[in-house]
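# Breakdown of the fold
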Amino acid sequence: MAYKKAAKKYSGEIREVTLGSGDKAVAIGGKNVLPIHSFDGNVGNPPKIGLEIVDIVPEDWHDDLKKIYDGVLEDTAEWAKFAVDNFAPDFICLRFAGADPDGKNKSVEECVETAKKVAAAVDLPLVIAGTKNVEKDEKLFSAVAEALAGENVLILSAREENYKTVGAAGALAYKHKIAAETSVDINLAKQLNILMNQLGVQNEDLVMNVGSAAVGYGFEYLSSTMDRIILAALGQNDSTLQMPIITPVSTETWTVKESAASEDDEPAWGSSIERAIQMEVATAAAVLVSGADAIIVRHPKSLATMKTFISNMLGSGLN
Amino acid sequence: MALSGIEIFKLTPRKNCKECGFPTCMAFAMKVASGAVEIEKCPHISAEAKEKLAEATAPLMKTVKIGTGDYEHALGGETVLFRHEKTFVNKTLFAVQFSDAMDDDELARRMENIKKVDYERIGEQMHVEIVAVKYTGNRSRYLDIIKRLKELQKIFVLVCDDVDAATEAAALVKETKPVLVGANNDNLEEMVKLAKESGIVLGLNAPGVEEMYALVEKTHQLGYKELILNAGSENMAKTFENAVEFRRTALVGQDRTFGYPSIVFVNELAKGDSYLQTALAATFIMKYGSIVVLDDITYANALPLFALRQNIFTDPQKPMRVEPKVYEFANPKEDSPVLVTVDFALTYFVVSGEIERAKVPVYLLVPDAGGLSVLTSWAAGKLSAGVIANAIKSSGLEEKLNRKRLILPGKVAVLKGDIEEELPGWEIIVGPSEAMQIPKFLNELN
Ligand code: B12
Ligand code: SF4
């Protein structure tokens, strides 16, 4: 008997969404096959990897990681430029950790200033991440959206509690892209996309953040949720689930014990920065294989590794 | 591929003698097809027909066992492509690779690392299961290394396409049911002969999917089915394609030719880049690698990889839970604090592990939180001030304690006020948000 390929042709396709403007704009999504299955057909745009930076000196970051950015941590725009010049990410994720009401509680005005400076300093697409506090994020995102009109940033993210304001300001008024964030559940993801549509936000302007988890910490739920979403998007041609997926990896992997335990606490485990990068890289790969079209990492080494990984897995690398 | 009623009908003698209890052979065949009756109920059925039916109803992907006794492991036997459809049954095994080109220091270092990385995570002992030994031409060194590796008591994967070397190597370890990865189009007959004689599992090498398919068919013709397919060691994209095609052809294409476990040499794909090796290992845990071969094992790569494997190979329908009740640590007394957590097994094991590390006497109250994590159960309304207060009241702790302190997980600090109202006389303390901070927190608590 001769070999017969059992590939399935799908009727649906993940939509292509463009972030940023000008020469450095990047497109994500566009696949009509399962993630990384380039041998089946069109994998669309290779997944994009962003580096995370924050608007304050990140006290909780690993010292060895902060050392890489020595001298630029105090100035977020300098930091962004340094990251772009030295590590060549596909985009920058600017996270407003300093705006957190339980932390420094920086004012929206201050954040807007930072956002403007960062946007002026780099020409890569920006992803604007907030505090996880829905009320503060609502105000923060609206103001930043206005200040960065024309930049076509991705706002990460709109949730059920604040999607109306964030969607209206971000996408409708100032023409940015919005990531709709839900908690590891296909039905919730679908529902929020539909609500966004009803608000008037076009599918072309929508991305999904369907939840995130570090490997070992409920990751199986995330991976299965992503599998189900992609199978529905491709197989059932469900247009309410055909948005590309962005997954923040960094905010999950650096706090779990495998990464964060000190060498005094776990002497057998060895170098903690080494553990943290390995944890970030393992989670990043697992998320990409599950179908993320963009991910956010923290360590430049993770970024470099995942770029090599993607180009080789899609068959375009040197290997 | 299950047979249809018509196909089974063709296997019957078509005598319509009714001895099976059905009026016609056709009626009988229909019942057999639906699984309601055994083919044996027809006394006239031929042995050949029985075998055909058995073949047709065998699982699409074979379960292959390697190792013996306490070290035996099953590979393959999967029935689905995605874990939400059905539990993945046989977890990916990890191997560390050695070779005859390796000097004694490197050999000792890797052996030491294998011994060192042996730890418990959520009730499962984590360690590398396999040593892979690659032959590069130095026969006596190869055999010597195999002898020395026996001390580790791991399953052997011999990576060797030289028939003579493989024969000698197999003789050293054949009683442990090893794997021999080395059969290819040129040496197949001899390798199959060796595998049959020594009862070992044979790993097949082919440059691509179609060549592999032909090679498996040839191996079948030689009468051997204890097989593992090498998905690759040279090109990442190609290796991924192979791993997916093997699994998909077997399960979706319902073609048992590819219904075997796979082995992936991520160490060679990564060419010495340990981060890339981890990214690739994670990939093949998720996508169909039965054995993943690494260059080396350290806690840095083991912690994420074993954690991911533990996640992926679990029942997707029901979260693992622990019994809701009060757990005691280090003989708690009437002034020991009460920590609260949830009945999600992952959370419980992480938290109890840290409490043990702290060596401080405490009670750990686990209410019925629906088997969900702290924030999930809180968001789902299953871990509320009321739930916690009721669990305290029915626990008998109020009567037992003369100093009443309740420690909340930091992630649900918002519950503090409400619990204070529900539990007068209790001091409600917000604990840290990550369990790893529990030892420090408890040791500083007074
Ligand atoms: C996996 C997951 C699920 C799984 C459930 C798995 C399970 N059995 O719990 C599923 C998919 C079913 C799910 C469902 C939901 N989820 Co959910 N889920 C997650 C996810 C991805 C991981 C959770 C996890 O396993 N964590 C690992 C465990 C070990 O963490 P943990 O229990 O918190 O324990 C740690 C600490 O709290 C600490 N700790 C624990 N106990 C104690 C005790 C003391 C004394 C101390 C000091 C410390 C301590 O130690 C542990 C390690 O540090 C998180 C996001 C994330 N990345 O965390 C969202 C998340 C928890 N889910 C969320 C939500 C909203 C939901 C839903 C309510 C969504 C909905 N509307 O339907 C549902 C509810 C389910 C239901 N109705 O039955 C939200 C909660 C948001 C919030 N902050 O309120 C999260 C944070 C996602 C998000 N960002 O939106 N979820
Ligand atoms: S016993 Fe066999 S031959 Fe006789 S009717 Fe039944 S199936 Fe046909």
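Given the structure is predicted, the values throughout are model-derived calculations rather than measurements.

This part takes up the interface of chain B and chain A. With 51 residues of chain B at the contact, the number on the chain A side is 57 residues. Surface buried jointly by chain B and chain A totals about 4,600 Å² across both partners, of which 65% is contributed by carbon and sulfur atoms. In this assembly, chain B and chain A are joined by 4 salt bridges. The salt bridge involving Lys5 of chain A is made with Glu245 of chain B; its shortest N-O contact spans 2.6 Å. Applying the counting criterion to the chain B and chain A interface returns 16 residue pairs in polar contact (both at pLDDT 80 or more). Of all elements in the fold, only helix H8 (209-221), helix H9 (236-251), helix H11 (274-286), helix H12 (299-312) and helix H13 (345-358) of chain B reach the threshold of two or more residues within the side of chain B that touches chain A. Grouping the amino acids of the side of chain B that touches chain A by side-chain chemistry returns 27 nonpolar, 10 polar and 14 charged.

With that settled, consider the pattern of salt bridges. A side chain of one charge can pair with a side chain of the opposite charge if their charged atoms are brought near each other. All names here are of chain B. By the definition in use, this model includes 44 salt bridges over all chains. Arg248 is paired through a salt bridge with Glu245; the nearest N and O atoms lie 3.2 Å apart. Taken together, the residues span about one helical turn, with Arg248 and Glu245 both in helix H9 at a distance of 3 residues. A single burial state applies to Arg248 and to Glu245, both of which are buried.

Moving on: the site of ligand 1. Surveying the vicinity of ligand 1 reveals 37 residues, the closest of which are Ser212 of chain A together with Thr341, Thr347, Ser373 and Glu434 of chain B. Near ligand 1, residues from chains A and B are present, making the site a shared one. Here a nitrogen atom of ligand 1 and a side-chain polar atom of Thr376 of chain B are 3.4 Å apart. A distance of 2.7 Å is found between an oxygen atom of ligand 1 and a side-chain nitrogen or oxygen belonging to Glu434 of chain B. At the level of secondary structure, the elements contributing two or more residues to the shell around ligand 1 comprise strand S14 (338-340), H13, helix H14 (374-379) and strand S16 (405-408) of chain B. Its residues assigned to classes, the shell around ligand 1 shows 24 nonpolar, 9 polar and 4 charged.

The subject of this paragraph is the side chain of Lys31 of chain A. Residue and element names in this part refer to chain A. Summarising the element assignment, Lys31 is placed in the loop between strand S2 (26-28) and strand S3 (48-54). Within polar-contact distance, the side chain of Lys31 engages the backbone oxygen of Gly291 at 3.3 Å. Among the polar contacts listed, one links the side chain of Lys31 to the side chain of Asp293, at a separation of 2.8 Å. Ignoring anything within four residues of it in the chain, the contact list for Lys31 reads Glu13, Ile14, Asn42, Val43, Gly44, Leu234, Gly291 and Asp293.

Residue and element names in this part refer to chain A. Between helix H7 (residues 219-235) and helix H10 (residues 272-290), whose axes approach to 9 Å, the crossing angle comes to 25°. Viewed along their axes, H7 and H10 adopt a mutual orientation that is roughly parallel. Taken together, the residues of H10 that come into contact with H7 (itself represented by Phe219, Leu222, Ser223, Met226, Asp227 and Ile230) are Ala286, Val287 and Ser290. In terms of residue class, the contact of H7 with H10 is built from 6 nonpolar, 2 polar and 1 charged.

Bringing the domain arrangement of chain B into the picture now. Taken domain by domain, chain B comprises domain 1 (5-57), domain 2 (63-312) and domain 3 (326-444). Computed over C-alpha atoms, the centres of domain 1 of chain B and domain 2 of chain B are 41 Å apart.

A word on the packing of aromatic side chains. By the definition in use, this model includes 20 aromatic pairs over all chains. Geometrically, the ring pair formed by Tyr3 of chain A and Phe258 of chain B is tilted, given 5.6 Å between the ring centres and 55° between the ring planes. Here Phe258 of chain B lies in the loop between H9 and strand S11 (262-264) and Tyr3 of chain A lies in the segment before strand S1 (17-19), a pairing that spans two chains. Take Tyr3 of chain A: its relative accessible area is 17%, and that puts it in the buried class. Note on Tyr69 of chain A and Trp79 of chain A: the rings are 5.2 Å apart at their centroids and 50° apart in plane angle, and the pair reads as tilted. Here Tyr69 of chain A is found in the loop between helix H1 (63-68) and helix H2 (76-87), whereas its partner Trp79 of chain A is found in helix H2, with 10 residues between them in sequence. You can call Tyr69 of chain A buried: its relative accessible area is 0%. On the basis of relative accessible area, Trp79 of chain A is assigned to the buried category, the value being 0%. Aromatic rings pair up to connect Trp61, Tyr69, Trp79, Phe82 and Phe87 of chain A into one cluster. Here Arg14 of chain B stacks its cationic end above the ring of Phe9 of chain B, 5.4 Å away from the centre of that ring. Over the ring of Tyr217 of chain A we find Arg121 of chain B; its NZ or CZ atom is 5.3 Å from the centre of that ring.

What counts and how
Residues numbered from 1 in each chain as written. Chains lettered and ligands numbered in written order. Predicted model: local features only at pLDDT ≥ 70, side-chain atom pairs only at ≥ 80, totals over all residues. Heavy atoms only, no water. Contact = heavy atoms within 4.5 Å. Buried area = accessible area lost by both parts, 1.4 Å probe. Salt bridge = Lys/Arg side-chain N within 4 Å of Asp/Glu carboxyl O. Polar contact = N/O pair within 3.5 Å; in protein donor to acceptor, adjacent residues only side chain to side chain. Helix = DSSP H or I, 4+ residues; strand = E, 2+ residues; numbered from the N terminus. Nonpolar A, V, L, I, M, F, W, Y, C, P; charged D, E, K, R; others polar. Buried < 20%, exposed > 50% of the residue type's maximum accessible area, 1.4 Å probe, protein only. Near = heavy atom within 4 Å. Axes fitted to C-alpha atoms, helices over the stretch in contact; angles between N-to-C directions. Parallel < 35°, antiparallel > 145°, perpendicular 65-115°, else oblique. Domains from an automatic or database assignment. Phe/Tyr/Trp six-rings, centres within 6.5 Å; stacked < 30°, edge-to-face > 60°. Lys NZ or Arg CZ within 6 Å of the ring centre and 35° of its normal.

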